[in-house]
Structure formats: structure tokens, C-alpha cells
Amino acid sequence: MLDCGLDMTSTLNFLPLPLVQSPRLSNLPGWSLKDGNAFLDKTELIDLSTVDVILISNYHCMMALPYITEHTGFTGTVYATEPTVQIGRLLMEELVNFIERVPKAQSASLWKNKDIQRLLPSPLKDAVEVSTWRRCYTMQEVNSALSKIQLVGYSQKIELFGAVQVTPLSSGYALGSSNWIIQSHYEKVSYVSGSSLLTTHPQPMDQASLKNSDVLVLTGLTQIPTANPDGMVGEFCSNLALTVRNGGNVLVPCYPSGVIYDLLECLYQYIDSAGLSNIPFYFISPVANSSLEFSQIFAEWLCHNKQTKVYLPEPPFPHAELIQTNKLKHYPSLHGDFSSDFRQPCVVFTGHPSLRFGDVVHFMELWGKSSLNTVIFTEPDFSYLEALAPYQPLAMKCIYCPIDTRLNFIQVSKLLKEVQPLHVVCPEQYTQPPPAQSHRMDLMIDCQPPAMSYRRAEVLALPFKRRYEKIEIMPELADSLVPMEIKPGISLATVSAVLHTKDNKHVLQPPPRPTQPTGGKKRKRASDDIPDCKVLKPLLSGSIPVEQFVQALEKHGFSDIKVEDTAKGHIVLLQEAETLIQIEEDSTHIICDNDEMLRVRLRDLVLKFLQKF
Amino acid sequence: MPEIRVTPLGAGQDVGRSCILVSIGGKNVMLDCGMHMGFNDDRRFPDFSYITRNGRLTDFLDCVIISHFHLDHCGALPYFSEMVGYDGPIYMTHPTQAICPILLEDYRKIAVDKKGEANFFTSQMIKDCMKKVVAVHLHQTVQVDDELEIKAYYAGHVLGAAMFQIKVGSESVVYTGDYNMTPDRHLGAAWIDKCRPNLLITESTYATTIRDSKRCRERDFLKKVHEAVERGGKVLIPVFALGRAQELCILLETFWERMNLKAPIYFSTGLTEKANHYYKLFITWTNQKIRKTFVQRNMFEFKHIKAFDRAFADNPGPMVVFATPGMLHAGQSLQIFRKWAGNEKNMVIMPGYCVQGTVGHKILSGQRKLEMEGRQVLEVKMQVEYMSFRVSCYMPANGETVTLPTSPSIPVGISLGLLKREMAQGLLPDAKKPRLLHGTLIMKDSNFRLVSSEQALKELGLAEHQLRFTCRVHLHDPRKEQETAVRVYSHLKSVLKEHCVQHLPDGSVTVESILIQAAAHSEDPGTKVLLVSWTYQDEELGSHLTSLLKKGLPQAAS
């Protein structure tokens, strides 16, 4: 199973979870205040207890892991890189914390019943598969799920049941993010998910190892194919500076890891030139400190520039310096130290980017009424208009600067040209332009042969046929083989050997020496006399020259030989022995009386003229 | 016969100057490139003439692997690559790559600036040498070329120390370098797959000594330090900047905290702060406990341990000083040693092995009067302690080659059709039971494929020649042919339980692919002729059947 992402867009159907019950929110028309922590879990198609292995490509793609490892009877292994696990843990920890610290008086689940759901207002009414919406997991489940992960490094070859080998490769998108190669000795499938060709903080994408794939599964492309991340970062900085200079506050709803590192780095270079050195930057998240600290210790997973810094030794990310000089402060939540340190105007980074829970809800309430303030959306996962809907009317400025460094369609076609897979497999939506921009024929995957697309809950057979597998010939057996050259450069050798198969590994060993018959001890019944028909006879090839054959017969004491010509060949008659031998181009038929001695003599004469395989 | 050859160029029967040449599957790999601390002449570096007398290093060697940053494993690297001349890849882990050039530079400074040695490698050579380094991740399979692959495993000896598996085809060698099986205060234990190498090359410095338990030695160390400090003495601990030093620092730091001791602990400057910083940035290479708690508290930010200044050595009162280098052969540790050696209240603790020729080795072997430079004699009155011994037990001497014959199996491709057919047969009654496989190996250039004989004939465009036998078996039976066939059928059915016996609508009987037809005898109506027909491939069964039928049929059951 490749990845287990959590689709949280369904939370947009719910109201924000405020820290303090707000009468305004509760009284909004058209929205029903419901149990807010339900997520879509997309696992209904298969029996998860039959999944042997889960490969995780990046920390965003593992958010559903506790649902799978804890509640489905799953007993397999999960493979992920160390940064993926550590940062994934932080993301889950933040999520759990955001949800759990808002106590709810009651939780409703009856509405999921189809009959009741019908009566609910749109969009809840139209939501599909609400029965699979689940409550958020607990920290205990998170820990248990993460303990089932096996850590791997880039380019590490991992044997699965001796049948296939999987290898994670750097995908360039996030710390520890990986593409996976799944290969047997003769077939190779690449799984490319969430990759980036841009130079940000992670190690660059490993493209060379994707070459010679039979199938390349392509997913996790940019969600905003029209936005250029570099331009967006520039826009982000200038909007931020503008707001702060006018005395307003800036709110950046974000995840606690990932793009935020790049944003902080840009700001580090930008603040002095923009005269923002006195503006406090706050990073509020239950995992803010851990995230900033963890980012500094993954030297081996960083781009070359950052690695060189570690060798000096200096911290790879400049946010260490921002913290040291007190320009960036981090807090686990609004409460406690933050309330006393809080100065305005300021810039606040906090979650959750859906604006439905987390500290961001408070800041939206606090700053929404003033047109001096700005909220800047950088995470591409949620529609910002929908995210903002429950807060309307809003006076604060809203800027949409989605920064999505994943592959766009131009980069995809470049990549495909580079690695040249025999077949491309991708989700259906990548094979047609986005519905909103149906004229943009450039916003789809274009490759030869056309990509095979898949839809939700569709089973796709990958387009290759397995023909060969690896087998090892033991040296003793190899020594006993007698190759003969059939054509120039091509030799053949007949192999009769004992096949040992263990853990899907095959080994050929020399056959045991034929055991001497042990006398008539066991010969009680006729059925015991059955020979071991597993001693296989070779196939024969060639043809028999009649004249020479007849000469050979005479030499071996047969007389009274008569040869008749037929349409296809000859018939050799041995009248004395009442034997008939039909010889044709590619067949020989010996018809004789039941005289085993005679038959064997004739057989050996015939075999002399034929090649064995 | 294929073989693996091992030739030590440096560390044969000696400690220091690790350098081993391994030839495996036609590939030549050099493991480590260390220097010897005890020598100041040519003997300091491994003897590369063993290779160079036959040509250039780059042509001969496929790659160089460095196991960790200790100078006895990497100290000769710039000499080797820049002065002797090697341009191929040098593999080491990220922390080793980070720390190695710093130690090399430090070593160069002591040798050239302090001892005034000529013909030594320069700073620029160190930089150029490091450009040839390729950093590897743990467990990453590095494909050096099409056939040679290497893989690093955690060794736990110092930060970034690794063991390496070197593999060509199905032959492999594991080189452990220095490794540590018990996790200590800052590093974890070595770990490796069950990779079944043909050869294991391990350094066994401690092999003939049974060390007391870790805890005992630690307690002993703390007791000695504590006693010396209590009586107002100064304690000198010569260390190398990285490795044991960090472990002892953590140990002393916690002890000082617990005992509420006030005597200052110093760490000689320069490398050390940097070293601790490396530990912080490469914290993923330390042990589980440190990694888990690093966000709350970094074990390498010490409260009690401060940077040392040269002037402090003359301060009155007790103190503990960690100073480099560890064998008292040069630098700050030697300076402090000379100052303090005359006072019996003071103590020097040697936490590691000292090679022959160093001051450290001399005092450890009990020498109390040392001849220093300029014929000056230094009398050692201070207490001399050590924490562990090292005894060497290497077998081959330098330049002597050990040859290990191997017999690698030959990997070929087997057509799935053939394999599945054989496996399906094996499914009954026991899938695990070995079974006989028959096929044809097609060898074309270096492409080896094992296919079924039919497929081989087809691929080569050869027609199969079918050899068929038909035997006449005379049977006394006055009944009709059809009835004879039925009798033959029921007889064979009851006798040949393991075979598929069928009675076809046209009146013939088959046993597997063997056809039996009953015909009337042209002369004797009381006799029927059974025509038994089979192909060469079914010969055994065919001739068995004829002999079986020759015995006649049992009287029909009522």
C-alpha cells in the first residue's frame, strides 16, 4: 500500500472550534454546529489486514496511519524515513492537541444515518460516505502507530519476502520525503509522489534512479499548477511588510513544519532590508519548539548548501539565529508566556491552515474586524474562500499566496522525458485540464504512450507480464553442465537439478546420485513398481539420415532390412523381428513386438543421430 | 576458483595506521587510510608502494572506504590522495566527512608548525582530498559501479563511525572498523543485518582482554578523580577531541551535579566546543536516550565544564582538565603534563590506548624519568592511572596477503513458466520439499537464461524430433476388443493409483499420455493384441506398462 493520507477537506463543512464559545458563531444561519472532529478515512475498498507493507512517501501522507494500524487488524510493516516519522509525529501531535483541548459538551453521531443526513442542510446533505468519517485519534494511538514504523534511509534496498525489493529515493519536496522504487529482478515500478525539482531545504530529487522503469506511478503533483512558488514567496514578503508598516498584524495559518522553514529563511534575509527588525515574529504551536529543533538535526537529509553549513559546524537553518536574537519566539499555545510577551504589530505563524481548529481560530476572531490586519494563506491544501466562509463578513485583508513546490505539468513532462518509463499511471484528474480551466490543455499530463488513469476504488492491472525470475545455480552444479555451441555465440546446456525454494529465493543444486535398488524388500504390490517418472527425459531434435541409419542397423546385426519410401519419409522394415520404423523429418516411430531388449537397442541407435535438450 | 584476497598495508599486528587492501570479485577496495602516532618518519603512513610499484593508485583501486574519523583510520588520507595520487571516490559517513578535515588540519599543525616537519601535506591538500569524498547514509546501498556495492552500518565507536559491507555479485566482505557492542553514555550499540559475508574483517584491539563491566570502570574513574580533587590535586585527562571525551564529560558533569562539587572542570579550547557542536547537529547518530530528550535538554551543553585557558594551568587549587591530544605526544596535553608531572598530589588519567613511542605509552609502561627534547629529563611524580588496556591480536603482517577461496553461485534468469510449472508440481504433498527441475540453459554473451526445453528449441528455431514407440502385447482373451479394453482399463485403474487412467469414448485407454488400443489378432480369435504407444519422454512408464500387461489381466471380477 502506497501512503495513507488523510483528506481533511471535509472539516471545511464544519464550524471552527473556538477556544471560547462565541455566540456569534453559534447563531450563524445556514450552518449547523456539529461535532467538529470528523475526518474522511479512505479505506473501504480492501481488507486492510491483508496489507503486508505500507510505504510512506512524506509526513503529510501518513496522517491516517493510526486509523489503519490500530483499528483494522493490520499486522504488516510500515516503512518511512526518520525525518518523515519525526515530523509526522509532530503534525499528529499538533492535530490531537488542537482537537483535545477544546472540550465538547456533547458529540453527535446519529446524523451520519442516511435518513437523517438527507434532512440536513447542504453541504452536509451531499457529502459522500459520511459513515467513514471518524473521530480524531488520540496520542496513545499515534504512539502505537508510529512504533510500528521501520526506519529506512535513502537508497536503502529493503527485501520484502524475497519477492521484491523496495528503495526510497529523495523526492526533494520535504525533509525525508521519498519516492519509492518497487522492483523484482526483471521488473521495476516507480512510485513518484510529492516530488519537487525546486531547490528548497530538502535534499534534491533523485531522478537518475527512476530510469528504466516499466511503470511509473505519478501522483502528488502541485495543487496550484498556475502559481509560481518563487513569485508567491515574494508576494508573501511584500504583503507582510506592507501590513506591518501600516501598523497591522499578519496572520499566517500554516503547518508546523515544511514551507514555514523556507518562509522564515526568506524573512531572515528580508526583514533587515525591509526595516522590520523590530517586529516580533511569533510561532505558536504545541510542537513549535520541537519542529524548529528537529529541523536542525537532519543534516543528512538537507540540500548541499545546508549540509556544508553543518560541516562548519553551524546550524543549517537561519531560524536558529532569529531565535537567538529574539526576533522569532515560539510558544506552545496562546496561554501562558505568550499573553505577557505579546506585542503588536506582529506576525503570527500558527495552525491549523483549515481555520477550523487550533490557535488560528482565536486570531481570526481577534483581528478579523480590522482592515489593518492581513491573513496570508500559504498552504495549498484548503480553498481559502471556503476556509474563510464562517468568519464573514471580514474586514481584514486576505491574501492568497499558495506555495506548493511540488511538480507542475511542465516539470512533469521534463521529468518523464528524462526518465522514460514504459508506462505512466496517474489519477484521472491529471489526464484532463482542471474543471475550472478547461481550456488550459497545458495543465494535464502529456506523454507517450498516454498515461493510464485510475479513479477512486478502481482496480488497475499494471501493463507488464512477468516472464523471468532469478535463480541461483550452485557452483558444483555449474561445473557439471556441458554446454554445446548451437549457433555462433549461443550455447546450450541441459540442466537437470534439484530446485530448492526458500523465502522466495530459488537455488538449483545437483541432483542426488541415483540410489541403488535395494532388492525386493518392498516389492509387495504392483503399484510399488512404478518408476519415479520425475526423472525427465530430454527433448530431441535433429533428423535421421536413412542410409546411415540402415548401415548402423546392419552393423548391429540386423539383417533382412527393407526400406520403403513414403510421402513424408521412409519406412524401415525389419522383417525378421516384425518391426517397423517410420522415419520422417521430425519424428520417428518404432513399432515392434513386446521385446524390451530389441526396443532398447533400436532406441539407442536412433538416439545416436539426435541431439538432446 | 574465485577468491577474496586481503592485504594489510598498515595495521597488521600493530595498532594505528589502519589500512587494508581487499580484492573481491575483480574489484580492489582500500579500507581506511590511517597514520601511526608513534612515528615521525616514513613509517607514520601505510606503505602504498605495494600498489604503486605496479601502476597508479587510481587505476588499481575501485574505491576507498573510511570507517571513522580517528587519525589512525584516516590520518594518511591527504598524503595518499594528494601526494601519492588517487582520484577515485572516497566513501565515509556525513559526520566523518564533517569532522575528519578538522582533525587532519589539527594533526598537520602539530606536525608542521610545532615540530617543523617538512614534506608534509598542506591545508590545501586536505581540502582537495575532501573534495573526493562521497558521503553515505547509514543503510544506503551505494553502487560504486555496476558490480561493486557498499553499505554502511552503525558502529557506535565514535560519532559517525560505521561498519561497511562490500559486495560484488554474491560474494561479500564486512569490515567493522572499530565498533562497540554496548551502548555507552552518548552512542548506541553497533548493529548489522544477518548478511552472511564470505569474510569478516574486524579490528580486535581488545580481543585478548576481558574488560570489567562498564559501570565498574566508570565508578573507578570517578573515584580516582574525586580523590585527587579532594586532596587538592590537579587531574589531567589527555583525550582526543571527539569520542571518549564526550562520554567522560557527560559522566563528570552528572557526577559534579550529584555530589555538588565546586572544583572547576576545563576542556581545552578549540576543537572541543566545535566537537560538542557536531554532536548536537548530528544528534541522530547518538543513542536513543539523548535523541529522545534533546529538545528539552541537550546533553552536550555542559554546565560545569568550561573552556580552558593556558594560564589556568598555574592556578592554585584542584581542577580537572581534559586536554588534547590523547597520547601525550604533542600539544596542550603534553604542555600541561610537563607542568604538573612533578607534584605527587596531581594525577594523569589515560583513558585510551597509547602507541609505542609516545609519552603516554612510556608513563603507562611505568617509566618515571622521561627524556624530553633538549636532553632535559622530566621526573614524573604525579599519579599515573589508566582506564583500559589494549592488546593487539592481528594475524597477517603488513604486506602479507591472506587468500580466501570462494565459490559463488551463478545467478541466471529462469522463465516464470518453467519455475511455476515446477512449483505447481511441488505443491503436493509438500511445497517445501526440494524437487527435480529440468530445463535448458541458454548462454548468449553474458546473458544466462534457464528455460523449458520446448522454449529453448522454439527460441533457437529448432524443430523437435518426436520419437515414439508402439509395442504389441498379445493377450489371451476371447472376448470382444471393447470388452478387453474395459478389462485393461479397470485393471490399470486399480493398480496404477498414482496415475491418471482414462477410458476414452473411442474405446482406447490412456495412462497419462500413453495410449493403449485393443485390436483383434489376424489369425487367432482367442488372442487380442494390445498396442501400447508412448513417446521417448514417457519411456519409463511405457516400458513399465508393457511389462505389466504382459503378465496378463486378472480374471474378471464377478
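Residues numbered from 1 in each chain as written. Chains lettered and ligands numbered in written order. Predicted model: local features only at pLDDT ≥ 70, side-chain atom pairs only at ≥ 80, totals over all residues. Heavy atoms only, no water.

- Taking an unreviewed UniProt entry as the reference, chain B is identified by name as Integrator complex subunit 11 belonging to Puma concolor.
- Per its UniProt entry, chain B bears the Cofactor (unreviewed entry) comment "Zn(2+)".
- The record in UniProt for chain B states the following under Sequence similarities (unreviewed entry): "Belongs to the metallo-beta-lactamase superfamily. RNA-metabolizing metallo-beta-lactamase-like family. INTS11 subfamily." (UniProt positions renumbered as here; feature names shortened; annotations may be inferred.)

- If you check an unreviewed UniProt entry, chain A appears there as Integrator complex subunit 9 from Puma concolor.
- UniProt, in the comment section headed Sequence similarities (unreviewed entry), describes chain A in these words: "Belongs to the metallo-beta-lactamase superfamily. RNA-metabolizing metallo-beta-lactamase-like family. INTS9 subfamily."

### Side note on the overall build of chain B
Item 1. Helices and strands together make up the secondary structure of chain B, namely 16 helices and 28 strands.
Item 2. Out of the 558 residues belonging to chain B, those deemed buried represent 55%.
Item 3. Partitioning the contacts of chain B with sequence separation of at least 6, the portion at a separation of at least 24 is 68%.
Item 4. Per element, the accessible surface of chain B, about 24700 Å² overall, is 51% carbon and sulfur. (Helix = DSSP H or I, 4+ residues; strand = E, 2+ residues; numbered from the N terminus. Buried < 20%, exposed > 50% of the residue type's maximum accessible area, 1.4 Å probe, protein only. Contact = heavy atoms within 4.5 Å. Areas by Shrake-Rupley, 256 points an atom, 1.4 Å probe, with all protein chains shown as cover.)

### Quick word on the UniProt feature "domain: Beta-Casp" (unreviewed entry) in chain A
Item 1. Mapped onto this numbering, the UniProt entry gives "domain: Beta-Casp" (unreviewed entry) at residues 260–388 of chain A.
Item 2. Here residues 260–388 of chain A is 40% helix and 12% strand, with 21 Å between the C-alpha atoms at its ends.

### Some points on the packing of helix α17 (residues 596–607) of chain A against helix α16 (residues 539–550) of chain B
Item 1. Between α17 of chain A and α16 of chain B, the least distance of the axes is 11 Å, while the angle of their chain directions is 160 degrees. Put simply, α17 of chain A runs roughly antiparallel to α16 of chain B. As for how α17 of chain A packs across α16 of chain B, the hand of that crossing is right-handed. Contact residues: Glu596, Arg599 and Arg603 of chain A in α17 of chain A; Glu539, Ser543 and Thr546 of chain B in α16 of chain B.
Item 2. When the residues that make up the contact of α17 of chain A with α16 of chain B are grouped by side-chain class, the tally is no nonpolar, 2 polar and 4 charged. (Axes fitted to C-alpha atoms, helices over the stretch in contact; angles between N-to-C directions. Parallel < 35°, antiparallel > 145°, perpendicular 65-115°, else oblique. Left-handed = near helix turned anticlockwise from the far one by under 90°. Nonpolar A, V, L, I, M, F, W, Y, C, P; charged D, E, K, R; others polar.)

### Observations regarding unusual backbone geometry
Item 1. A cis amide bond links Gln344 of chain A with the next residue in sequence, Pro345 of chain A, at an omega value of -5 degrees.
Item 2. You can see Pro345 of chain A is positioned in the loop between α11 (337–341) and β14 (347–350).
Item 3. The omega torsion of the bond from Gly351 of chain A to His352 of chain A falls at 10 degrees, within 30 degrees of zero and hence cis.
Item 4. Looking at the element boundaries, His352 of chain A is found in the loop between β14 and α12 (360–367).
Item 5. Unusually for a residue other than glycine, Gln420 of chain A sits at a positive phi of about 45 degrees.
Item 6. On the secondary structure map, Gln420 of chain A appears in the loop between α14 (409–419) and β17 (423–427).
Item 7. A relative accessible area of 57% places Gln420 of chain A in the exposed class.
Item 8. One non-glycine residue, Arg196 of chain B, adopts positive backbone phi at about 45 degrees.
Item 9. For Arg196 of chain B, the position within the fold is in the loop between β10 (171–175) and β11 (199–201).

### Points about the packing of helix α4 (residues 77–85) of chain B against helix α6 (residues 123–131) of chain B
Residues and elements named next belong to chain B.
Item 1. Where α4 meets α6, the axes come as close as 9 Å, and the angle between the chain directions of the two elements is 90 degrees. Here α6 runs roughly perpendicular to α4, going by the angle between their axes. For the pair α4 and α6, the contacting residues are Leu77, Pro78, Ser81, Glu82 and Met83 in the first and Met125, Ile126, Asp128 and Cys129 in the second.
Item 2. Residues that form the contact of α4 with α6 fall into these classes: 6 nonpolar, 1 polar and 2 charged.

### A look at the side chain of Ser508 of chain B
Residues and elements named next belong to chain B.
Item 1. Checked against the element boundaries, Ser508 lands in the loop between β25 (501–503) and β26 (509–511).
Item 2. When its relative accessible area of 1% is taken as the criterion, Ser508 is described as buried.
Item 3. Within the local environment of Ser508, its side chain forms a polar contact with the side chain of Asp506, the two groups lying 2.6 Å apart.
Item 4. Ignoring any residue separated from it by four or fewer positions in sequence, one finds Ser508 in contact with Gln502, His503, Leu515, Ile516 and Gln517. (Polar contact = N/O pair within 3.5 Å; in protein donor to acceptor, adjacent residues only side chain to side chain.)

### Let's talk about the interface of chain A and chain B
Item 1. Counting from both sides, the interface comprises 93 residues of chain A and, opposite them, 89 residues of chain B.
Item 2. Across the interface of chain A and chain B, roughly 8200 Å² is buried in total on both sides, 60% from carbon and sulfur atoms.
Item 3. Of all residues in chain A, Glu300, Tyr311 and Asn594 of chain A give up the largest surface area on contact with chain B, accounting jointly for 9% of the area buried on that side.
Item 4. Between chain A and chain B we count 4 salt bridges in total. (Buried area = accessible area lost by both parts, 1.4 Å probe. Salt bridge = Lys/Arg side-chain N within 4 Å of Asp/Glu carboxyl O.)

### Details of the sheet that holds strand β7 (residues 141–143) of chain B
Residue and element names in this part refer to chain B.
Item 1. A sheet is described by the order of its strands in space; here 5 strands give the open sequence β7-β8-β9-β10-β11, paired in mixed fashion. Either end of the sheet is taken by a strand with one partner, and the two such strands are β7 and β11. Within the sheet, the average angular offset between the axes of one strand and its neighbour, ignoring direction, is 20 degrees.
Item 2. Sheet topology note: the strand β8 (residues 148–154)/strand β9 (residues 162–168) ladder contains 7 bridges and is antiparallel. Residue pairing for β9: Glu149 is matched across the bridge by Lys167. (Pairing = 2+ DSSP bridges.)

### Description of the confidence of the model for chain B
Note: predicted coordinates in regions of low pLDDT should not be interpreted at a detailed level.
Residue and element names in this part refer to chain B.
Item 1. Mean pLDDT for chain B: 81, with 88% of residues reaching 70 or above.
Item 2. Here residues 207–211 is modelled with pLDDT under 50, and outside its nearest four sequence neighbours on either side it reaches 8 contacts, counting other chains as well.
Item 3. When the criterion is pLDDT under 50, residues 389–395 qualifies, and its contacts beyond four places in sequence or with other chains add up to 28 contacts.
Item 4. Here the complex is predicted with pTM 0.77, and the ipTM for its interfaces comes to 0.75. (pLDDT = per-residue confidence, 0-100.)

### Digging into the domain arrangement of chain A
Residues and elements named next belong to chain A.
Item 1. By domain assignment, chain A separates into domain 1 (1–152), domain 2 (153–221 + 419–456), domain 3 (229–400) and domain 4 (540–612).
Item 2. Of note, the centres of domain 2 and domain 3, computed from C-alpha atoms alone, are 31 Å apart.
Item 3. Tallying the contact residues gives 10 residues for domain 2 and 13 residues for domain 3.
Item 4. Surface buried jointly by domain 2 and domain 3 totals about 900 Å² across both partners, of which 70% is contributed by carbon and sulfur atoms.
Item 5. When residues of domain 2 are sorted by the area they lose upon contact with domain 3, Leu175, His201 and Gln203 head the list and together hold 62% of the total.
Item 6. Our count for the domain 2 to domain 3 interface comes out at 4 residue pairs in polar contact (both at pLDDT 80 or more). (Domains from an automatic or database assignment.)

### Topic: the packing of aromatic side chains
Item 1. Applying the stated rule across the entire model yields 33 aromatic pairs over all chains.
Item 2. Summarising the aromatic geometry, the rings of Phe45 of chain B and Tyr79 of chain B are spaced 4.4 Å apart at their centres and angled 15 degrees between planes, so their arrangement reads as stacked. With Phe45 of chain B in the loop between β3 (27–31) and α1 (49–52) and Tyr79 of chain B in helix α4, this pair connects stretches of sequence that are 34 residues apart.
Item 3. On the basis of relative accessibility, which here comes to 9%, the residue Phe45 of chain B falls in the buried class.
Item 4. By the ring-pair criterion, three or more aromatic residues cluster together here, those being Phe45, Phe48, Tyr79, Phe80, Tyr86, Phe120 and Phe121 of chain B.
Item 5. When the ring centre of Phe469 of chain B is taken as reference, the NZ or CZ atom of Arg599 of chain A above it lies at 4.8 Å. (Phe/Tyr/Trp six-rings, centres within 6.5 Å; stacked < 30°, edge-to-face > 60°. Lys NZ or Arg CZ within 6 Å of the ring centre and 35° of its normal.)

### Looking at the sheet that holds strand β20 (residues 402–405) of chain B
Residues and elements named next belong to chain B.
Item 1. Across the sheet, 7 strands lie side by side as β6-β5-β4-β3-β2-β1-β20; this open sheet has mixed pairing. Both edges of this open sheet fall to β6 (133–136) and β20, since each of them pairs with a single strand only. With direction set aside, neighbouring strand axes in the sheet form an average angle of 25 degrees.
Item 2. Pairing between strand β1 (residues 3–8) and β20: 4 bridges, direction antiparallel.

### So, α16 of chain B
Item 1. With 12 residues, α16 of chain B should cover 16 Å at 1.5 Å per step; its first-to-last C-alpha distance of 16 Å lies within 8% of that length.
Item 2. The element α16 of chain B is extensively covered by neighbouring structure, given that 9 of its 12 residues are classed as buried.
Item 3. On its buried face, α16 of chain B sits against α17 of chain A together with β24 (466–476), α15 (481–495), β26, β27 (514–520) and β28 (527–535) of chain B.
Item 4. Note on α16 of chain B: the residue one or two positions beyond its end, Gly552 of chain B, has a positive phi of about 90 degrees. (Expected span 1.5 Å × (residues − 1).)

### Structural notes on the environment of His186 of chain B
All names here are of chain B.
Item 1. Positionally, His186 belongs in the loop between β10 and β11.
Item 2. Assessed through its relative accessible area of 1%, His186 is described here as buried.
Item 3. Taking the C-alpha atoms as reference points, His186 and Phe300, 114 residues apart in sequence, are found 9.4 Å from one another.

### A few points about a negative patch on the surface
Item 1. Side chains of Glu585 and Asp586 of chain A together with Glu454 and Glu464 of chain B sit close together on the surface and give a patch of like negative charge.
Item 2. Position of Glu454 of chain B among the secondary structure elements: in helix α14 (residues 453–459). (Patch = residues over 30% accessible without salt bridge, like charges linked within 9 Å, V, L, I, M, F, W, Y side chains within 5 Å. Lys, Arg positive; Asp, Glu negative; His and termini not counted. Charge placed at Lys NZ, Arg CZ, Asp CG, Glu CD.)

### Some remarks on the pairing of strand β24 (residues 561–565) of chain A
Residue and element names in this part refer to chain A.
Item 1. Inspection of the sheet shows β24 paired to strand β25 (residues 569–574) by 5 bridges, in the antiparallel sense. Its bridge partner lying in β25, Glu564 is registered against Ile571.
Item 2. Where β24 folds back on β25, the antiparallel hairpin that results is connected by 3 residues.

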